[in-house]
Amino acid sequence: MAQVYRGGQPYPAGHPDRLTPHEVRTREFAARRRGVDPDQVREFQARVADELAMLNETVRLLSQENDRIKRALRDWQTLHARECRPPNSGHW
């Protein structure tokens with residue numbers, strides 16, 4: 001699968017617009033006359049990045065579980081199809 005680099009981190013093709021925890025942590029903002037407290041911004045960025053990393057891991061684990069369930073269903077369907085007679089094969 002092709003890789004698209006964003007914020008120094010590779011992302012699979014099809015997801016280039018997703019934010020990465022790295023991007024959230026390293027994002028810088030222009031200073032303004034009545035700006036915000038940079039320490040509070042960094043603290044908030046760290047919290048958001050941590051949550052984003054946790055959510056990305058959850059999505060990865062759920063995707064793996066989904067694949068496992070799909071494989072199990074296909075295996076069950078294959079086994080079930082072998083054991084069942086085709087429709088209308090009975091003697092009427």
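Residues numbered from 1 in each chain as written. Predicted model: local features only at pLDDT ≥ 70, side-chain atom pairs only at ≥ 80, totals over all residues. Heavy atoms only, no water.

### Here we look at the overall build of the chain
And then number 1: When you go through the chain residue by residue, the secondary structure sums to two helices and two strands.
And then number 2: Mapped in sequence order, the helices and strands of the chain form the string β-β-α-α.
And then number 3: A burial count over the chain gives 9% of its 92 residues as buried.
And then number 4: Partitioning the intrachain contacts of the chain with sequence separation of at least 6 by distance along the chain shows that 29% fall at a separation of at least 24.
And then number 5: In the structure as shown, the chain presents an accessible area of about 8500 Å², 55% of it carried by carbon and sulfur atoms. (Helix = DSSP H or I, 4+ residues; strand = E, 2+ residues; numbered from the N terminus. Buried < 20%, exposed > 50% of the residue type's maximum accessible area, 1.4 Å probe, protein only. Contact = heavy atoms within 4.5 Å. Areas by Shrake-Rupley, 256 points an atom, 1.4 Å probe, with all protein chains shown as cover.)

### Topic: the pattern of salt bridges
And then number 1: For the structure shown, the criterion picks out four salt bridges.
And then number 2: We note a salt bridge from Arg-42 to Asp-39, for which the minimum N-O separation is 2.6 Å. Taken together, the positions of Arg-42 and Asp-39, both in helix α2 (residues 38–83) and three residues apart, correspond to about one turn of that helix.
And then number 3: In this structure, the salt-bridge partner of Arg-60 is Glu-57, at a minimum N-O distance of 2.5 Å. (Salt bridge = Lys/Arg side-chain N within 4 Å of Asp/Glu carboxyl O.)

### Regarding the environment of Arg-25
And then number 1: Secondary-structure assignment places Arg-25 in helix α1 (residues 21–26).
And then number 2: Residue classification places Arg-25 among the partly exposed positions, given a relative accessible area of 41%.
And then number 3: As a C-alpha pair, Arg-25 and Phe-44 span 19 residues in sequence and 9.1 Å in three-dimensional space.
And then number 4: Residues in contact with Arg-25, not counting those within four places in the same chain, are Gln-45, Ala-49 and Asp-50.
And then number 5: Separated by 2.4 Å, the side chains of Arg-25 and Asp-50 make a polar contact. (Polar contact = N/O pair within 3.5 Å; in protein donor to acceptor, adjacent residues only side chain to side chain.)

### Description of the confidence of the model for the chain
And then number 1: For the chain, the average pLDDT comes to 81, and 74% of its residues sit at 70 or higher.
And then number 2: Strand β1 (residues 3–6) is the least confidently modelled element of the chain, averaging 48 in pLDDT, while α2 averages 93, the highest of any element. (pLDDT = per-residue confidence, 0-100.)

### Some details on α2
And then number 1: Here α2 spans 67 Å end to end across 46 residues, near enough to the 68 Å set by a 1.5 Å rise per residue.
And then number 2: Among the residues of α2, Gln-45, Ala-49 and Leu-52 are the ones counted as buried.
And then number 3: Buried residues along α2 sit against α1.
And then number 4: N-cap assignment for α2: the residue whose side-chain oxygen lies 3.0 Å from the backbone N of Asp-39 is Asp-37. (Expected span 1.5 Å × (residues − 1).)

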